[in-house]
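These are the residues of each chain, in order.
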Amino acid sequence: MNSSLLSLVLGWMLDLLLGDPVRLPHPIVWFGKIISFGEHRLNKGSHRIIKGSVMAVSLIAAVFCATWLLRFTIFQLPTYGTVLAMIFDVIIIFYCLAGTTLIREVRQVFLALDRSLEEGRTQVARIVGRDTHDLSAQEVRTAALETLAENLSDGVIAPLFWYMLLGVPGMLAYKMVNTLDSMIGYKTERYKDFGCWAAHIDDIANYIPARLTALLMVLAAGRPQLVRFVWKNGRNHASPNSGYPEAALAGILNCRFGGPHYYFDQLFDKPYIGENDRMLTTNDMKKAIRVNRTAEACMVLLVAYFLI
């Protein structure tokens with residue numbers, strides 16, 4: 001087994017067993033702090049589109065180059081350089097995968113909702129960007145499952161895709177792309193100019209992974225006939241990508257996602273994905289998690305085959 005493949009397997013297994021380490025420093029948290037620092041100082045005055053684009057491109061390039069240089073330096077160490085470089089890769093892969101943590105969070109949303117609506121709203125606020133204080137129980141469940149589907153693409157399939165193409169530097173650079181979009185890629189008054197490049201770069205980086213995620217989901221569910229449903233409904237989303245994994249899960253569960261949501265007290269009237277507006281249940285959550293896990297394993301096998 002070559003080092004890239006071994007690093008992939010070990011990093012993925014660590015995520016399966018541990019999820020995101022709560023008590024250890026996380027590079028995505030650092031990314032968030034750097035983005036927040038730059039946004040507060042640059043997102044004002046004139047030329048916000050230019051300033052936002054320069055910040056986004058510079059941060060993505062800096063992460064890729066710094067990761068490549070650090071890994072190269074470790075690899076060149078006279079003693080155990082190869083082994084240390086592989087350990088570095090395993091740690092980065094572990095940090096870049098977010099499948100287990102999101103699954104845990106979605107489970108907690110449904111458990112909290114069983115106790116009270118207010119607890120469900122509080123719990124789902126941890127994983128969604130929309131305003132949650134007025135959500136109904138059905139909207140809380142819908143938000144959690146939409147996020148589960150979207151995160152399979154953003155948090156698992158896309159990082160693995162970019163690892164397959166560009167190694168650990170590409171994987172970590174993708175996480176910077178995704179973090180930029182999640183923080184400033186909104187069409188609100190504050191971010192519509194400054195964050196537009198971050199949003200467009202994220203759209204490009206996720207174009208193939210989002211569609212690949214949807215395909216893996218319907219295959220994992222044993223429902224390849226849903227490809228037509230996904231193609232039809234995946235475009236019913238403000239994002240050119242997020243609708244595809246959401247459409248796949250909506251088809252698998254025979255439910256309806258989307259619709260109007262509030263972000264930062266501003267209403268966004270999103271189209272619906274699917275037609276069956278039925279009540280979602282805990283069994284739907286369990287089925288969605290099984291599909292996620294199976295699709296994730298399929299992607300790991302696909303990347304492993306590419307790396308052999």
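Reading the values: the criteria
- Within every chain, residues take consecutive numbers counted from 1 along the sequence as written.
- Per-residue local features of the predicted model are confined to residues with pLDDT of at least 70, and side-chain atom pairs are confined, for both listing and counting, to 80 or more; whole-chain, interface and lining totals are unaffected and use all residues.
- Excluding hydrogens and water, the side-chain values take into account all heavy atoms of the structure.
- Salt bridges are defined by distance alone: a side-chain nitrogen of Lys or Arg within 4 Å of a carboxyl oxygen of Asp or Glu.
- Counting from the N terminus, the helices are the DSSP runs of H or I reaching at least four residues and the strands are the DSSP runs of E reaching at least two.
- Three exposure classes are used, based on accessible area relative to the maximum for each residue type with a 1.4 Å probe and protein chains only: buried under 20%, partly exposed in between, and exposed over 50%.
- We define a polar contact as two N or O atoms separated by no more than 3.5 Å, with the added condition that, inside protein, one atom must be a possible hydrogen donor and the other a possible acceptor, whereas residues neighbouring each other in sequence contribute only through side-chain atom pairs.
- Residues are treated as being in contact if the distance between any of their heavy atoms lies within 4.5 Å.
- Using a grid of 1 Å spacing that covers the protein atoms alone, one calls a set of points a cavity when a 1.4 Å probe fits there but cannot get out, and a pocket when the set is open and has protein on both sides within 12 Å along at least five of seven lines; lining residues are those with an atom within 4 Å of a point.
- Grid points are joined across faces, edges and corners, and a volume is the space filled by probe spheres set on the points.
- Helix axes are fitted only over the stretch in contact, all axes being lines through C-alpha atoms; the angle between N-to-C directions runs from 0 to 180 degrees.
- Under this scheme an angle from 65 to 115 degrees is roughly perpendicular, one under 35 degrees roughly parallel, and one over 145 degrees roughly antiparallel; angles in between are oblique.
- Left-handed describes a crossing whose near helix is turned anticlockwise from the far helix through less than a right angle; right-handed describes the clockwise counterpart.
- Classification convention: Asp, Glu, Lys, Arg as charged; Ala, Val, Leu, Ile, Met, Phe, Trp, Tyr, Cys, Pro as nonpolar; all other residues, Gly among them, as polar.
- The criterion for a disulfide is a pair of cysteine sulfur atoms lying within 2.5 Å.
- Patches here are clusters of residues that have more than 30% relative accessible area and form no salt bridge, with a 9 Å joining cutoff for like charges and a 5 Å cutoff for nonpolar side chains (Val, Leu, Ile, Met, Phe, Trp, Tyr).
- Method for areas: the Shrake-Rupley scheme with a 1.4 Å probe, in which residue coverage is limited to the protein chains shown.

Trainee: Would you explain the pattern of salt bridges in this entry?
Mentor: Once the charged atoms of two side chains with opposite charge are near each other, the side chains can pair. By the definition in use, this model includes ten salt bridges. A salt bridge links aspartate 284 to arginine 278, with the shortest nitrogen-to-oxygen separation between them at 2.6 Å. Arginine 293 is the partner of glutamate 296 in a salt bridge, and the nearest nitrogen-oxygen pair spans 3.1 Å. With glutamate 296 and arginine 293 both in helix 11 (residues 282-307), this residue pair falls three residues apart, about one helical turn. Glutamate 296 sits in the buried class, given a relative accessible area of 2%. Overall, arginine 293 belongs to the partly exposed group, its relative accessible area being 24%.

Trainee: Explanation requested: the side chain of asparagine 206 in the structure shown.
Mentor: Within the fold, asparagine 206 resides in helix 8 (residues 196-220). Within the structure, the side chain of asparagine 206 is placed 2.6 Å from the side chain of tyrosine 174, a separation counted as a polar contact. Excluding residues within four positions of it along the chain, asparagine 206 makes contact with Ser153, Asp154, Ala158, Tyr174, Asn178 and Asn241.

Trainee: Help me understand empty space enclosed by the protein, please; the structure alone is not making it clear to me.
Mentor: One way to see where empty space is left: roll a probe the size of a water molecule over the atoms. Within the structure shown, the criterion is met by one cavity of 30 Å³ or more. Space inside the largest cavity adds up to approximately 40 Å³. Residue lining of the largest cavity: Gly99, Leu102, Ile103, Leu148, Asn151, Leu152, Val156, Asn292 and Glu296, and that is the complete set. Listed by contribution, the elements that provide at least two residues to the lining of the largest cavity are helix 5 (99-115), helix 7 (137-184) and helix 11. Residue contributions to the lining of the largest cavity peak at four residues, all from helix 7.

Trainee: Is there a simple way to explain the packing of helix 1 (residues 3-18) against helix 11 in this structure?
Mentor: The geometry of helix 1 relative to helix 11 is characterised by a closest axis approach of 9 Å and an angle of 165° between their N-to-C directions. One element, helix 1, and the other, helix 11, form an angle in the roughly antiparallel class. Both helix 1 and helix 11 take part in a crossing whose hand is right-handed. Packed against helix 1, whose contacting residues are Ser4, Leu5, Leu8, Trp12, Asp15 and Leu16, the element helix 11 presents Arg293, Glu296, Ala297, Val300, Val303, Ala304 and Leu307 at the interface. Per-class residue counts for the contact of helix 1 with helix 11 are nine nonpolar, one polar and three charged.

Trainee: Would you explain unusual backbone geometry in this entry?
Mentor: The bulk of non-glycine residues show a negative phi, and the bulk of peptide bonds are trans. In this model, histidine 47 sits at a positive phi of 60°, which is unusual for a non-glycine residue. Note on placement: histidine 47 falls in the loop between helix 2 (27-42) and helix 3 (48-75). The phi torsion at asparagine 254 lies on the positive side, around 55°, for a residue other than glycine. Residue position: asparagine 254 is located in the loop between helix 10 (243-253) and strand 1 (257-263).

Trainee: Can you help me understand the state of the cysteines in this one?
Mentor: Every disulfide links exactly two cysteines, by a covalent bond between their sulfur atoms. One pass over the full model with this rule turns up zero disulfides. In this structure cysteine 65 is a free cysteine whose sulfur lies 16 Å from that of cysteine 96, the closest cysteine sulfur available.

Trainee: Please explain a nonpolar patch on the surface as it appears in this structure.
Mentor: On the surface, a nonpolar cluster with roughly 550 Å² of combined accessible area is contributed by Leu77, Tyr80, Val83, Leu84, Ile87 and Ile91. The residue leucine 77 is located in the loop between helix 3 and helix 4 (81-96) in this model. Among the residues examined, leucine 77 registers a relative accessible area of 39% and is labelled partly exposed.

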